[in-house]
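Observations on chain architecture
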Amino acid sequence: MFKFITVIFIFGLSACNHTKTKGDTKILDFGAFTIETPQLWTKIKQQGIDGYVGRIAIDNKDTLDFELGPYSYDLHENEPTIIDSIHLKDIDTNNANYHSIIFVKHIGLVDFDKYRKDNISWDTIDGKKAKIVYPIKSGIGFTGVFIDTLWHTNLNVDRFVLSGTNLTPENEKKVLQVLRTLKFHKK
């Protein structure tokens with residue numbers, strides 16, 4: 001009887017956490033998808049409006065956010081605004097977004113790629129075409145995956161994004177490995 005109760009307790013405990021362990025990794029089950037992660041990564045519930053959203057804590061500093069739905073962000077890097085510094089006097093500093101404006105001496109000589117933060121590669125994850133994004137300079141930019149079409153629902157196409165921003169170099173590497181373990185389950 002004691003063995004039976006112990007088995008029920010262990011089974012119940014694992015069902016509550018919705019994780020399955022595999023040595024030094026575990027499977028996080030989000031219903032619509034699963035992902036195999038290091039043991040210490042944990043699920044964090046979030047509330048979405050027009051999609052299924054959530055968060056994964058990697059450690060006490062870095063997290064990943066995900067969204068599954070028709071409006072998931074495509075991890076597109078916005079181009080910075082580059083302005084010739086001779087026009088500095090013409091800028092309305094009350095309305096300027098200083099995070100996206102770069103002033104240069106000679107705009108004709110600007111290498112726009114110099115200001116990009118993210119690399120992009122394409123791969124297949126669980127049979128789906130996936131856009132994988134990772135920083136050019138480790139620690140600055142997005143690390144994640146975007147899938148434009150998971151499946152069609154009613155009149156919409158469900159898309160998926162899972163990403164973190166400015167992750168530590170160690171966590172960037174882990175995330176890029178973990179992304180390839182994604183498995184999707186249409187409900």
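All figures in this text were calculated on a predicted structure; none of them were measured in a lab. (Residues numbered from 1 in each chain as written. Predicted model: local features only at pLDDT ≥ 70, side-chain atom pairs only at ≥ 80, totals over all residues. Heavy atoms only, no water.)

1. Some words on the pattern of salt bridges
Tallying each qualifying case throughout the model produces 5 salt bridges. Its salt-bridge partner being Arg55, residue Asp65 comes within 2.6 Å of it at the nearest N-O pair. Linking Asp65 in strand S6 (residues 63-69) with Arg55 in strand S5 (residues 52-57), this pair joins segments that are 10 residues apart in sequence. Taking relative accessible area as the criterion, Asp65 reaches 30% and is therefore assigned partly exposed. Taking the shortest distance from any N to any O, the salt bridge between Asp123 and Arg180 comes out at 2.6 Å. (Salt bridge = Lys/Arg side-chain N within 4 Å of Asp/Glu carboxyl O. Helix = DSSP H or I, 4+ residues; strand = E, 2+ residues; numbered from the N terminus. Buried < 20%, exposed > 50% of the residue type's maximum accessible area, 1.4 Å probe, protein only.)

2. Some thoughts on the side chain of Lys26
Secondary-structure assignment places Lys26 in strand S2 (residues 25-29). It turns out Lys26 is buried and unbridged, and the closest side chain with the opposite charge, Glu36, is 12 Å from it. Only 2.7 Å separates the side chain of Lys26 from the backbone oxygen of Trp41, close enough to count as a polar contact. (Lys, Arg positive; Asp, Glu negative; His and termini not counted. Polar contact = N/O pair within 3.5 Å; in protein donor to acceptor, adjacent residues only side chain to side chain.)

3. So, the packing of aromatic side chains
The final tally for this structure, using the stated rule, is 9 aromatic pairs. Ring geometry for Phe33 and Phe66: centres 4.9 Å apart, planes at 85°, overall edge-to-face. Linking Phe33 in strand S3 (residues 33-38) with Phe66 in strand S6, this pair joins segments that are 33 residues apart in sequence. The exposure class assigned to Phe33 is buried, which follows from its relative accessible area of 0%. The class for Phe66 is buried, based on a relative accessible area of 4%. Each member of the aromatic cluster is reached from another via a ring pair, and the members are Phe30, Phe33, Tyr52, Phe66, Phe160 and Phe184. Over the ring of Phe30 we find Lys43, and its NZ or CZ is 5.0 Å from the ring centre. (Phe/Tyr/Trp six-rings, centres within 6.5 Å; stacked < 30°, edge-to-face > 60°. Lys NZ or Arg CZ within 6 Å of the ring centre and 35° of its normal.)

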